[in-house]
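# Residue-level structure breakdown
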Amino acid sequence: MATTDFPAEIRALRAKYQSIEQVSDVEGMRKDIEELSEEAGAPDLWDDPAAAQKVTSKLSHRQSALERLETLNSRIDDLEVLVELAEDEGDEDSLAEAEKELVSLGKSLDDLEIVTLLAGEWDEREAVVTIRSGAGGVDAADFAEMLLRMYLRWAERHGYPTQVLDTSYAEEAGLKSATFEVKAPYAFGTLSVEAGTHRLVRISPFDNQGRRQTSFAAVEVIPLIEQTDVIEVPDNEIRVDVFRSSGPGGQSVNTTDSAVRLTHLPTGTVVSMQNEKSQIQNRAAAMRVLQSRLLLLKKQEEDAEKKAFAGDVKASWGDQMRSYVLNPYQMVKDLRTNHEVGNTSSVFDGEIDDFIDAGIRWRTNNRNDAA
């Protein structure tokens with residue numbers, strides 16, 4: 001007979017589920033779905049495609065979240081019935097099946113619990129991520145490109161739409177910087193734990209003597225501004241520069257001056273965009289990101305909690321949050337949570353959920369300790 005104490009394990013699952021259900025505010029979720037469904041059914045909804053997309057995306061997310069909760073509750077009920085029947089009949093195969101479902105349910109509840117920890121003011125928003133190469137020369141530029149691919153693959157694995165807004169190519173290889181949007185609910189709350197300095201150690205493919213090289217890249221994550229946010233930026237506080245878009249190796253990819261660089265004079269904040277074909281589109285995208293950064297800066301000044309947000313990341317020694325070591329051994333380790341993985345290829349292919357989950361729990365514990 002199975003040695004698992006099923007009644008105790010199922011009680012533990014129910015207790016965790018009820019805790020998640022309480023925090024999730026199921027009644028509030030149902031009310032949101034009702035209101036969003038009315039908005040989605042409005043005949044003039046698609047007169048504003050951007051606003052319509054937000055409504056339908058939020059409705060889909062709320063419906064999925066509610067369905068996920070209800071499905072988990074049903075699975076716990078089904079597991080209890082399966083165990084009772086299997087124990088009554090002495091069915092070892094069914095008990096083995098119940099054992100697997102017990103493990104699967106525990107993992108599903110852990111994943112759902114992570115979502116309930118995203119309770120920050122802007123955690124529910126979409127995210128704008130900027131990656132900048134730091135110390136390390138061409139290896140750092142190559143590392144920045146590796147990180148860009150890692151995050152885009154992570155988003156692809158989850159079915160999250162992304163849009164690369166700007167890429168600044170390095171002269172020899174890789175990227176000086178890249179900025180992209182992740183268009184999914186809770187993208188900011190999820191990815192904000194990735195903000196900081198990332199460190200790569202490997203045998204440099206750009207060193208003809210095959211020496212080991214350490215390089216750095218900085219990741220900044222900010223919440224995407226929404227139409228309800230009030231961030232007015234007077235024209236006289238912005239300097240607008242236009243230039244020709246360029247591709248890898250400095251080659252021109254556009255024969256017109258379509259790229260736009262906005263400089264907010266009072267704060268020195270600079271945003272450049274060149275991935276759209278028209279200057280108007282690049283300017284609109286740049287203004288949206290500039291407003292998002294100014295919104296975050298305003299919050300930082302009000303709360304004096306810069307470390308909790310994007311902040312100023314130096315991308316150099318002594319300022320690291322994660323190390324990616326490819327030589328003399330292979331290991332990716334988060335220096336805050338101590339979570340580590342030996343399969344570096346899978347990490348660079350976007351399998352970073354465990355790092356993100358550990359980071360969210362670490363952040364929550366720090367906030368609770370500070371409170």
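Residues numbered from 1 in each chain as written. Predicted model: local features only at pLDDT ≥ 70, side-chain atom pairs only at ≥ 80, totals over all residues. Heavy atoms only, no water.

As annotated in an unreviewed UniProt entry, the protein carries the name Peptide chain release factor 2 and comes from Arthrobacter bussei. Listed under Subcellular location (unreviewed entry) in UniProt, the entry text for the protein is "Cytoplasm". UniProt, in the comment section headed Sequence similarities (unreviewed entry), describes the protein in these words: "Belongs to the prokaryotic/mitochondrial release factor family." (UniProt positions renumbered as here; feature names shortened; annotations may be inferred.)

Take the UniProt feature "coiled-coil region" (unreviewed entry) in the protein next. Summarizing the sequence annotation, UniProt attributes the feature "coiled-coil region" (unreviewed entry) to residues 62-115 in the numbering used throughout. Segment residues 62-115 splits into 96% helix and 0% strand. End C-alpha atoms: 12 Å apart. (Helix = DSSP H or I, 4+ residues; strand = E, 2+ residues; numbered from the N terminus.)

Within the secondary structure, Ala-286 sits in helix H7 (residues 279-303). A residue is classified by how much of its surface remains accessible, and Ala-286, at 0% relative accessible area, is buried. Taking the C-alpha atoms as reference points, Ala-286 and Leu-69, separated by 217 residues in sequence, lie 38 Å from one another. Setting aside residues up to four positions removed in sequence, Ala-286 forms contacts with Leu-262, Val-271 and Met-273. (Buried < 20%, exposed > 50% of the residue type's maximum accessible area, 1.4 Å probe, protein only. Contact = heavy atoms within 4.5 Å.)

On the surface, Glu-34, Glu-35, Glu-38 and Glu-39 cluster together to form a negatively charged patch. By relative accessible area, which is 53% here, Glu-34 ends up exposed. (Patch = residues over 30% accessible without salt bridge, like charges linked within 9 Å, V, L, I, M, F, W, Y side chains within 5 Å. Areas by Shrake-Rupley, 256 points an atom, 1.4 Å probe, with all protein chains shown as cover. Salt bridge = Lys/Arg side-chain N within 4 Å of Asp/Glu carboxyl O. Lys, Arg positive; Asp, Glu negative; His and termini not counted. Charge placed at Lys NZ, Arg CZ, Asp CG, Glu CD.)

Our next topic: helix H1 (residues 6-24). An ideal rise of 1.5 Å per residue puts 27 Å on 19 residues; H1 measures up with 26 Å between its terminal C-alpha atoms. All buried positions along H1 are accounted for by Phe-6, Ile-10, Leu-13, Tyr-17, Ile-20 and Ser-24. When H1 is viewed along its axis, its buried side chains cluster within an angular range of 85° and face the same direction. Opposite its buried face, H1 presents the exposed residues Arg-11, Gln-22 and Val-23, each directed more than 90 degrees away. At its buried positions, H1 is contacted by helix H2 (26-40), helix H3 (49-89) and helix H4 (92-116). (Expected span 1.5 Å × (residues − 1). Arc of directions from axis to C-beta.)

The next thing to look at is the nonpolar core. With 57 residues, the main nonpolar core has Ile-131, Leu-147, Met-150, Tyr-151, Leu-191, Val-221 and Tyr-324 as its most contacted residues. The element contributing the most residues to this core is helix H5 (residues 137-158), with 9 residues. Sequence-distant contacts of Tyr-324, defined by excluding residues within four places in its chain, comprise Phe-143, Leu-147, Met-150, His-198, Arg-199, Leu-200, Val-201, Met-331, Val-332, Val-347 and Phe-348. Formed by 26 residues, the second largest nonpolar core is a distinct cluster that contains Ile-20, Ala-86, Leu-95 and Ala-98. (Core = buried A, V, L, I, M, F, W, Y, C linked by side-chain atoms within 4.5 Å.)

Here we come to the domain arrangement of the protein. In terms of domain boundaries, the protein breaks down into domain 1 (4-115), domain 2 (125-225 + 311-368) and domain 3 (236-304). Inter-centroid distance (C-alpha atoms) of domain 1 to domain 3 is 41 Å. (Domains from an automatic or database assignment.)

Moving on, we get to the side chain of Ser-108. Structurally, Ser-108 can be placed in helix H4. At a separation of 3.5 Å, a polar atom in the side chain of Ser-108 contacts the side chain of Arg-75. (Polar contact = N/O pair within 3.5 Å; in protein donor to acceptor, adjacent residues only side chain to side chain.)

It is worth spelling out the environment of Ala-12 at this point. Positionally, Ala-12 belongs in helix H1. By relative accessible area, Ala-12 is classed as partly exposed at 43%. Distance in space between the C-alpha atoms of Ala-12 and Leu-295 is 42 Å, their sequence separation being 283 residues.

With that settled, the discussion passes to the sheet that holds strand S6 (residues 238-243). One open sheet accounts for 3 strands, arranged S6-S7-S8; its pairing is antiparallel. With one partner strand each, in any of the chains shown, S6 and strand S8 (269-273) form the two edges of the open sheet. Pairs of neighbouring strands in the sheet enclose a mean axial angle of 15°, with direction left out of account. Note: strand S7 (residues 259-264) against S8, 5 bridges, orientation antiparallel. Paired with His-264 across the two strands is Thr-269, which belongs to S8. (Pairing = 2+ DSSP bridges. Axes fitted to C-alpha atoms, helices over the stretch in contact; angles between N-to-C directions.)

Glancing now at the pairing of S7. Looking down a regular strand, the side chains alternate between one sheet face and the other. When you tally the buried positions in S7, you get 5 out of 6 residues, the bulk of the element. Both S6 and S7 contribute to a ladder of 6 bridges, which runs antiparallel. Residue pairing in the sheet places Val-240 in a bridge with Leu-262 of S7. Between S7 and S8, which pair antiparallel and follow one another directly, the connecting turn spans 4 residues, one of which, Gly-268, has a positive phi of 75°.

Further remarks concern unusual backbone geometry. The omega angle of the peptide bond from Asn-327 to Pro-328 is 15°, so this bond is cis rather than trans. Following the sequence through the fold, Pro-328 ends up in the loop between strand S9 (320-325) and strand S10 (331-334). Of note in the backbone geometry, Asp-25 takes a positive phi value of approximately 55° without being a glycine. Considering the arrangement of structural elements, one finds Asp-25 in the loop between H1 and H2.

To describe a pair of aromatic rings, one takes the distance between the centres and the angle between the planes. In this structure the tally under the stated criterion is 3 aromatic pairs. Between Trp-154 and Tyr-160, the ring centres sit 5.5 Å apart and the planes meet at 70°, which makes this aromatic pair edge-to-face. Judged by its relative accessible area of 28%, Tyr-160 is partly exposed. A network of ring pairs unites the aromatic residues Phe-143, Tyr-324 and Phe-348 as a single cluster. Lying over the aromatic face of Trp-362, Arg-336 brings its terminal NZ or CZ to 5.0 Å of the ring centre. (Phe/Tyr/Trp six-rings, centres within 6.5 Å; stacked < 30°, edge-to-face > 60°. Lys NZ or Arg CZ within 6 Å of the ring centre and 35° of its normal.)

Another point: the packing of H3 against H4. Contact geometry for H3 and H4: axes closest at 10 Å, N-to-C directions at 160°. Compared by their axis directions, H3 and H4 come out roughly antiparallel. Seen from above, H3 lies across H4 with left-handed handedness. For the pair H3 and H4, the contacting residues are Arg-68, Leu-69, Leu-72, Arg-75, Ile-76, Leu-79, Leu-82, Val-83, Ala-86 and Glu-87 in the first and Ser-94, Leu-95, Glu-97, Ala-98, Glu-101, Leu-102, Ser-104, Leu-105, Ser-108, Leu-109, Asp-111 and Leu-112 in the second. Of the residues contributing to the contact of H3 with H4, the split by class is 13 nonpolar, 3 polar and 6 charged. (Parallel < 35°, antiparallel > 145°, perpendicular 65-115°, else oblique. Left-handed = near helix turned anticlockwise from the far one by under 90°. Nonpolar A, V, L, I, M, F, W, Y, C, P; charged D, E, K, R; others polar.)

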